[in-house]
Amino acid sequence: MMRELSRVFLSAVLVLSAVFPLAGCTVVTDVLSSDVLMGLGTSSGVVIVAFNNETDADAVMSAFESADVLGTQDARTFSVEVDANEVVNEVLECPVGLIQAVGATLTTDSASASVEYAGLPATVNDSFSCGDVIEIRLSQRQSGDAVTYALTMRVIPG
């Protein structure tokens with residue numbers, strides 16, 4: 001009975017979402033959260049990985065994702081090019097069980113530098129949930145002529 005009500009409700013929402021965009025409304029994304037959609041047995045949502053390059057150099061930033069918390073199921077390492085002082089997002093379809101920053105390679109006109117992530121991975125239910133944003137931030141600190149770089153990761157609840 002509950003599954004039938006869910007199907008009727010979902011059908012009604014989909015019909016309304018087809019009509020209301022003409023009026024500037026997006027019913028599915030404005031009214032329903034990813035948690036509600038998961039409960040209805042539809043899409044399980046997404047996790048957004050925001051690669052934030054807060055340095056003065058372009059960088060290639062890498063992360064690792066897996067569908068399970070052990071890092072063995074549907075695992076992959078992915079990289080994105082992020083210009084200096086820019087943010088690039090990667091959208092991951094749930095289920096996502098583990099996300100970890102891997103590293104970054106910065107390039108300037110005269111040199112390149114590599115930075116490795118030294119922190120713990122983020123795991124589903126302990127660190128994040130579907131609908132959250134995982135920010136992987138590359139920052140720089142200057143002390144006199146010396147420049148050091150750091151790669152950090154944090155969860156921004158969705």
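A brief look at the structure comes next. (Residues numbered from 1 in each chain as written. Predicted model: local features only at pLDDT ≥ 70, side-chain atom pairs only at ≥ 80, totals over all residues. Heavy atoms only, no water.)

1. Concerning the overall build of the protein
Here's step 1: Along its length, the protein carries three helices and nine strands.
Here's step 2: Taken from N to C terminus, the helices and strands of the protein fall in the order α-α-α-β-β-β-β-β-β-β-β-β.
Here's step 3: Taken over 158 residues, the protein has a buried fraction of 32%.
Here's step 4: Looking at the protein alone, contacts between residues at least 24 apart form 61% of all its contacts between residues at least 6 apart.
Here's step 5: Only carbon and sulfur atoms are counted for the fraction: they give 53% of the accessible area of the protein, which is about 9500 Å². (Helix = DSSP H or I, 4+ residues; strand = E, 2+ residues; numbered from the N terminus. Buried < 20%, exposed > 50% of the residue type's maximum accessible area, 1.4 Å probe, protein only. Contact = heavy atoms within 4.5 Å. Areas by Shrake-Rupley, 256 points an atom, 1.4 Å probe, with all protein chains shown as cover.)

2. What about the environment of Val155?
Here's step 1: Assignment of secondary structure puts Val155 in strand S9 (residues 146-156).
Here's step 2: Sequence-wise, Val155 and Ile136 are 19 residues apart; in three dimensions their C-alpha atoms are separated by 9.0 Å.
Here's step 3: For Val155, the residues in contact, after removing those within four places along its chain, are Ser127, Phe128, Asp132, Val133 and Ile134.

3. Notes on the sheet that holds S9
Here's step 1: Across the sheet, four strands lie side by side as S4-S1-S8-S9; this open sheet has mixed pairing. Edge positions in the sheet fall to strand S4 (86-93) and S9, since each has one partner strand and no second. Taking the axes of each pair of neighbouring strands and ignoring which way they run, one obtains an average angle of 15° across the sheet.
Here's step 2: Note that strand S8 (residues 133-143) and S9 share 11 bridges and pair antiparallel. Looking at the pairing, Val133 lines up with Ile156 of S9. (Pairing = 2+ DSSP bridges. Axes fitted to C-alpha atoms, helices over the stretch in contact; angles between N-to-C directions.)

4. Side note on the state of the cysteines
Here's step 1: The full count for this structure, using the stated rule, is one disulfide.
Here's step 2: Through a disulfide, Cys94 is tied to Cys130; the S-S separation comes to 1.9 Å. With the S-S bond torsion at -130°, the cross-link from Cys94 to Cys130 turns out left-handed. One end of the pair, Cys94, is in the loop between S4 and strand S5 (98-107); the other, Cys130, is in the loop between strand S7 (122-123) and S8, with 36 residues separating them in the sequence. (Disulfide = S-S within 2.5 Å.)

5. Quick look at the pairing of S8
Here's step 1: The sheet contact formed by strand S1 (residues 46-53) and S8 spans six bridges and is parallel. Along S8, the bridge assignment pairs Phe51 with Ile136.
Here's step 2: The antiparallel hairpin formed by S8 and S9 contains two residues in its connecting segment, where Gly144 sits at a positive phi of about 70°.

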